[in-house]
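# Observations on the model geometry
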Amino acid sequence: MDPQAHPTKTTLPGIGTRYDLVTDAGKHVSIVVHNDGRRFLGFHDPQDDDACQATVPLGPSEAAALARLLVPAPIDPVRGELEIDLVTEKIPITAKSPYSGRTLGDTQARTRTGASIVAVLRRTGATPSPTPDFRFATGDTLVVVGTREGVDAVTELINGG
């Protein structure tokens, strides 16, 4: 992930807090959250961080609506001719998991449950479509897709149940 994709936070004494983000395209966007709850979306000159080109005041409902639009939607249930609902769930690998330090292949999760481990989230990044030799570590989070029953079975498997 691009280090610029992480917003920076600046305290504005007597005003509130400013959050800044530089996009991959080099655009500088900020949100100023005033102590009284008002919010302003700002667009800055890339050559001069202090030169704001435009601001948009946002009321509470407008800020909430914008936030909902910007947050990626969860995967909706997939329905086919058989009306089978698929769910996506995140399952943590804890120190108590019998698979901490072991490989994805060791779990035989898809064969045993019918659900698939489609990604592994780690503090250092994400691994989409991990291969059978991918080694789990304590603190990893597995992204699992399957039927409710299959995902529950993977949870039980990973937790040692």
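Before going into details, it helps to say that this report is about the structure given with it. (Residues numbered from 1 in each chain as written. Predicted model: local features only at pLDDT ≥ 70, side-chain atom pairs only at ≥ 80, totals over all residues. Heavy atoms only, no water.)

## Focus on the side chain of aspartate 20
Here aspartate 20 is to be found in strand S2 (residues 16-22). Given the relative accessible area of 11%, aspartate 20 is considered buried. For aspartate 20, the side chain forms a polar contact with the side chain of histidine 28, separated by 2.8 Å. Look past the residues within four positions of aspartate 20 in its chain and what remains in contact with it is His6, Pro7, Thr8, Thr10, His28, Val29, Ser30 and His44. (Helix = DSSP H or I, 4+ residues; strand = E, 2+ residues; numbered from the N terminus. Buried < 20%, exposed > 50% of the residue type's maximum accessible area, 1.4 Å probe, protein only. Polar contact = N/O pair within 3.5 Å; in protein donor to acceptor, adjacent residues only side chain to side chain. Contact = heavy atoms within 4.5 Å.)

## Considerations on the sheet that holds strand S9 (residues 141-146)
The strand order across the open sheet formed by four strands is S6-S9-S7-S8, and the pairing between neighbours is antiparallel. Looking at which strands have only one partner, the edges of the open sheet turn out to be strand S6 (87-92) and strand S8 (125-128). Here the strands of the sheet are splayed against their neighbours by 20 degrees on average, with no regard to which way each runs. Sheet analysis places S6 next to S9, joined by six bridges and oriented antiparallel. Opposite threonine 88, over in S9, you have valine 145 as the bridge partner. Packing against the sheet, helix H4 (residues 148-158) makes contact with S6 and S9, and its axis sits at approximately 5 degrees to S6. (Pairing = 2+ DSSP bridges. Axes fitted to C-alpha atoms, helices over the stretch in contact; angles between N-to-C directions.)

## Details of the sheet that holds S2
Taken together, the five strands give an open sheet; going across it, the order is S1-S2-S3-S4-S5, and neighbouring strands pair in antiparallel fashion. Unpaired on one side and paired on the other, strand S1 (8-12) and strand S5 (48-58) mark the two borders of the sheet. When strand polarity is set aside, the average angle formed by the axes of neighbouring strands in this sheet is 25 degrees. Note: S2 against strand S3 (residues 28-34), seven bridges, orientation antiparallel. Pairing of threonine 17 across the sheet is with valine 33, part of S3. With respect to the sheet, helix H1 (residues 60-70) is in contact with strand S4 (39-45) and S5, its orientation differing from that of S5 by roughly 110 degrees.

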